[in-house]
Amino acid sequence: MLNTKNDATLVVCSALRSRAHSHDNRRRAKDLVWGWVGAKWSRLLPSAAELESDRIEVNLPGRRLSVSTNGDGSLWTLEVAYSERNGARAWITRAVVADTGEADVMAIQTACSDLAAGPTVIAPPKLLGSWVERLELEDGGVTVMGEPRFVQDEEGLAAFCEHVLSQERTLPVIALTNKPNSRFYGVDPRGVAEAVRGLAHVVCLTPELATEAGGRLGKNLVPVPGVPRIYGPNFSPDAVPKDHPLMRSPAASGAQTASDPGASRRLLCQRVCAMSANSSTYEDLLAPVL
């Protein structure tokens with residue numbers, strides 16, 4: 001029995017503006033949604049003729065798809081709900097493509113009906129990565145990418161600090177710094193950037209520039225060699241460090257860490273997902289059409 005009760009826990013949430021603002025742009029975003037649905041749940045795909053309908057409902061054992069479009073066509077919403085094979089819990093993902101009048105907004109939410117039902121790994125839907133790759137998305141005027149940015153000079157440092165301090169930024173910034181005479185950042189920058197695309201920015205700084213950033217970001221809030229730091233939105237130099245934490249690997253032996261090099265990446269991804277679920281960006285960006 002598919003359970004989509006209203007008290008499902010939000011686990012991932014992202015809403016991003018697009019640099020493009022057009023019917024064709026929103027069409028591409030919707031096509032990517034349908035491609036994602038077809039890759040995961042091909043039996044839920046309606047016929048080609050039905051894809052243009054304002055209302056779609058498809059119900060199958062353990063899964064459901066619904067699509068709705070508001071009266072003026074400015075808000076298109078697709079929701080997929082499916083239960084795990086043992087029926088212990090349901091997952092509900094909602095994708096939104098909207099024309100807010102001033103911009104196109106692409107948004108996604110994933111919720112779980114019962115996180116206590118068993119162990120799970122929280123990660124953003126692959127649809128979010130497809131949007132980042134194929135659409136011109138931005139966050140506070142900065143392009144959203146699936147790759148790390150590398151800061152290697154004073155100009156890059158100034159741009160990094162301005163970005164971290166920007167009150168228009170809604171996504172966290174994961175700052176990585178390598179240890180001197182090493183390329184060790186504590187985690188693979190490209191692997192992290194791909195895992196959190198659409199949920200966070202990833203920036204790599206040289207140790208010298210990371211130290212210099214202390215004069216602008218606060219000496220207790222600088223990036224630390226080999227230890228990722230997450231700068232949440234609304235950052236300021238007098239912020240409490242725990243609100244913009246250093247993400248040290250879980251207490252584990254060197255052998256365990258070496259045998260599971262992805263552990264730090266998963267930890268970062270889960271923390272960023274949790275931060276996204278507590279963000280108000282989704283409602284704020286979609287307010288004109290909700």
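Rules of the game
Residues numbered from 1 in each chain as written. Predicted model: local features only at pLDDT ≥ 70, side-chain atom pairs only at ≥ 80, totals over all residues. Heavy atoms only, no water. Pairing = 2+ DSSP bridges. Helix = DSSP H or I, 4+ residues; strand = E, 2+ residues; numbered from the N terminus. Phe/Tyr/Trp six-rings, centres within 6.5 Å; stacked < 30°, edge-to-face > 60°. Buried < 20%, exposed > 50% of the residue type's maximum accessible area, 1.4 Å probe, protein only. Lys NZ or Arg CZ within 6 Å of the ring centre and 35° of its normal. Axes fitted to C-alpha atoms, helices over the stretch in contact; angles between N-to-C directions. Contact = heavy atoms within 4.5 Å. Left-handed = near helix turned anticlockwise from the far one by under 90°. Nonpolar A, V, L, I, M, F, W, Y, C, P; charged D, E, K, R; others polar. 1 Å grid on protein atoms, 1.4 Å probe; cavity = no way out; pocket = protein on both sides within 12 Å on 5 of 7 lines; lining within 4 Å. Points joined across faces, edges and corners; volume = space filled by probe spheres on them. Expected span 1.5 Å × (residues − 1). Arc of directions from axis to C-beta. Salt bridge = Lys/Arg side-chain N within 4 Å of Asp/Glu carboxyl O.

A.B. asks: Explanation requested: the sheet that holds strand β8 (residues 142-143) in the structure shown.
C.D. replies: Hydrogen bonds along the backbone pair up the strands of a sheet, which may run parallel or antiparallel. Read from one edge to the other, the open sheet built from eight strands follows the order β2-β3-β4-β5-β6-β1-β7-β8, with strand pairing classed as antiparallel. Each of the sheet's edge strands pairs with one partner strand only, and the pair in question is β2 (55-60) and β8.

A.B. asks: It is not clear to me how the packing of aromatic side chains should be interpreted in this structure. Could you clarify?
C.D. replies: Aromatic ring pairs are reported here in terms of the distance separating the ring centres and the angle at which the planes meet. Counted under the stated rule, the structure contains five aromatic pairs. Aromatic pair Trp36 and Trp41: ring centres 5.2 Å apart, planes at 90°, arrangement edge-to-face. The same class applies to Trp36 as to Trp41, namely buried. Arranged with centres 5.1 Å apart and planes meeting at 80°, the rings of Tyr231 and Phe235 form a pair that is edge-to-face. Here Tyr231 matches Phe235 in class, with each residue buried. Through pairs of rings, three or more aromatic residues link up here, namely Trp36, Trp41 and Tyr82. Above the plane of the ring of Trp41 lies Lys40, whose end atom (NZ or CZ) is 5.0 Å from the centre.

A.B. asks: How should I be thinking about the sheet that holds strand β10 (residues 173-177) in this particular structure?
C.D. replies: Within the open sheet, the four strands sit side by side as β9-β11-β10-β12. Their pairing is mixed. Among the strands making up the open sheet, the edge pair consists of β9 (149-151) and β12 (229-231). Across the sheet, the mean angle from the axis of one strand to that of its neighbour is 30°, orientation sign disregarded.

A.B. asks: How should the environment of Ala175 be read in this particular structure?
C.D. replies: Residue placement: Ala175 occurs in strand β10. Accessibility expressed as a relative area gives 0% for Ala175, which makes it buried. Separated by 71 residues in the primary sequence, Ala175 and Leu246 place their C-alpha atoms 9.4 Å from one another. Leaving out residues up to four positions away in the same chain, Ala175 has contacts with Phe160, Val203, Leu205, Pro223, Val227, Pro228, Arg229 and Tyr231.

A.B. asks: I tried to follow the packing of helix α1 (residues 23-40) against helix α2 (residues 126-134) on my own but got confused; where do I start?
C.D. replies: Packed helix pairs are specified by the crossing angle of their axes together with the interaxial distance, meaning the distance between the axes. It is at 10 Å that the axes of α1 and α2 come closest, and there the two elements cross at 145°. Where α1 crosses over α2, the two elements pack in a sense that is right-handed. Counted together, Ala29, Leu32, Val33 and Trp36 of α1 and Lys126, Leu127, Ser130, Trp131 and Arg134 of α2 form the full contact between these two elements. Split into classes, the residues belonging to the contact of α1 with α2 amount to six nonpolar, one polar and two charged.

A.B. asks: Explanation requested: the layout of surface pockets in the structure shown.
C.D. replies: Gaps between atoms show up when a probe of the same size as a water molecule is rolled over them. Estimated volume of the largest pocket: approximately 580 Å³. Lining the largest pocket we find 30 residues, and of these Thr170, Leu171, Pro233, Ser279 and Thr281 sit closest to its centre. Listing elements by their share of the lining of the largest pocket, those giving two or more residues are β1 (9-18), β7 (137-139), α8 (263-277) and α9 (281-286). Here the second largest pocket defines a volume of roughly 360 Å³.

A.B. asks: Can you walk me through helix α3 (residues 154-165) in this structure?
C.D. replies: Working note: α-helix, 3.6 residues per turn, so residues spaced by three or four point in the same direction. The end-to-end C-alpha distance of α3 is 16 Å, a good match for the 16 Å that 12 residues give at a rise of 1.5 Å each. Residues Leu157, Phe160, Cys161, His163 and Val164 constitute the buried set of α3. With its buried residues spanning 160° around the axis, α3 presents them on a single face. In α3, the exposed positions angled more than 90 degrees off the buried face are occupied by Glu155 and Glu162.

A.B. asks: How should I be thinking about the pattern of salt bridges in this particular structure?
C.D. replies: Oppositely charged side chains can form a pair if their charged atoms are brought close together. Evaluation of the coordinates by the stated rule reveals 13 salt bridges. Note that Asp31 and Arg27 form a salt bridge whose closest N and O atoms lie 3.6 Å from each other. You can see Asp31 and its partner Arg27 sitting in helix α1, four residues apart, about one turn around the helix. Given the relative accessible area of 41%, Asp31 is considered partly exposed. With its nearest N and O atoms 3.5 Å apart, the salt bridge here joins Asp243 to Lys242. In this structure Lys242 comes out as exposed when scored by relative accessible area, which is 62%. When salt bridges with common partners are traced through the structure, they connect Arg17, Arg19 and Glu138 into a single cluster.

A.B. asks: Sorry, what's going on with the pairing of β2 here?
C.D. replies: As a general feature of sheets, a regular strand has side chains that alternate between the two faces. Judged from the six bridges that link them, β2 and strand β3 (residues 63-69) form a sheet pairing that is antiparallel. Bridging from a neighbouring strand, Leu60 pairs with Arg63 of β3. Taking the residues that link successive antiparallel strands as the turn, the β2-β3 hairpin has two residues, and the phi of Gly62 there is positive, at about 80°.

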